[in-house]
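Architecture and fold: a report
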Amino acid sequence: MSFADAAARLAGLAGALLGWSPDQFWRATPAELGAVLTALAGDAPLPLPPPSREHIAQMMEAFPDG
């Protein structure tokens, strides 16, 4: 699964389950999103783990905003 696919899926989950706007989703840290989804999922496995700091750093280098 590509980063774009994973981000779209997680953004959709955040919007549907948490009522988050896209801005709220992108301002949340992976740990915050993971904690909220884990709390909602209970014992059910999450569909996708949040990206690691290393993965985020790699993506930021590959896809700079500038």
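Reading the values: rules and limits
- Sequence positions are assigned chain by chain, starting from 1 and proceeding in written order.
- Restriction of local features to residues with pLDDT of at least 70 applies here, the model being predicted, together with a cutoff of 80 or more for giving and counting side-chain atom pairs; totals for whole chains, interfaces and linings are based on all residues.
- Note: side-chain values were computed over all heavy atoms of the structure, leaving out hydrogens and water.
- Every helix listed is a DSSP run of H or I at least four residues long, and every strand listed is a run of E at least two residues long, numbered separately from the N terminus.
- For a helix, the expected span equals 1.5 Å multiplied by the number of residues minus one.
- A simple rule labels every residue: compare its accessible area, found with a 1.4 Å probe on the protein chains alone, to the largest value its type can have, and call it buried under 20%, exposed over 50%, or partly exposed in between.
- The arc in question is traced by the directions running from the helix axis to the C-beta atoms.
- What makes two residues a contact is simply this: any of their non-hydrogen atoms within 4.5 Å.
- The term nonpolar core refers to a set of buried residues drawn from Ala, Val, Leu, Ile, Met, Phe, Trp, Tyr and Cys, joined through side-chain atoms within 4.5 Å.
- A fitted line through C-alpha atoms serves as each axis, taken over the contacting stretch for helices, and the angle formed by two N-to-C directions is quoted from 0 to 180°.
- Small angles under 35 degrees read as roughly parallel and large ones over 145 as roughly antiparallel, with 65 to 115 read as roughly perpendicular and the rest as oblique.
- By convention the crossing between two helices is left-handed if the near helix lies anticlockwise of the far one by an angle smaller than a right angle, and right-handed if it lies clockwise.
- In this classification, the charged set is Asp, Glu, Lys and Arg, the nonpolar set is Ala, Val, Leu, Ile, Met, Phe, Trp, Tyr, Cys and Pro, and all remaining amino acids, among them Gly, are polar.

1. Details of helix H1 (residues 3–18)
Over its 16 residues, H1 extends 21 Å from the first C-alpha to the last, a length consistent with the 22 Å expected when each residue adds 1.5 Å. Residues Ala6, Ala7, Leu10 and Ala14 constitute the buried set of H1. Around the axis of H1, the buried residues are gathered within 95° of arc, so they sit on the same side. Opposite its buried face, H1 presents the exposed residues Ala4, Ala8 and Ala16, each directed more than 90 degrees away. The inward-facing, buried residues of H1 contact helix H2 (22–27) and helix H3 (30–41).

2. Thoughts on the nonpolar core
If you look at the biggest cluster of nonpolar residues, it comprises five residues: Leu10, Ala14, Phe25, Leu33 and Leu37. When sequence neighbours within four positions are dropped, the list of residues in contact with leucine 33 reads Leu10, Ala14, Leu18, Trp20 and Phe25.

3. Thoughts on the packing of H1 against H3
As a packed pair, H1 and H3 sit with axes 12 Å apart at the nearest point and diverge in direction by 55°. The orientation of H1 with respect to H3, classified from their angle, is oblique. Viewed along their axes, H1 and H3 form a crossing whose handedness is left-handed. In contact with Leu10, Ala14, Leu17 and Leu18 of H1, H3 contributes Leu33, Val36, Leu37 and Leu40. Of the residues contributing to the contact of H1 with H3, the split by class is eight nonpolar, no polar and no charged.

4. Notes on H3
Spanning 12 residues, H3 covers 16 Å between terminal C-alpha atoms, matching the ideal 16 Å at 1.5 Å per step. Taken together, the buried positions of H3 are Leu33, Gly34 and Leu37. For H3, the angular spread of the buried residues around the axis is 95°, confining them to a single face. H3 presents Ala31 and Ala39 as exposed residues on the side facing more than 90 degrees away from its buried surface. Immediately beyond the C-terminal end of H3, within one or two residues, lies glycine 42, with a positive phi of roughly 65°.

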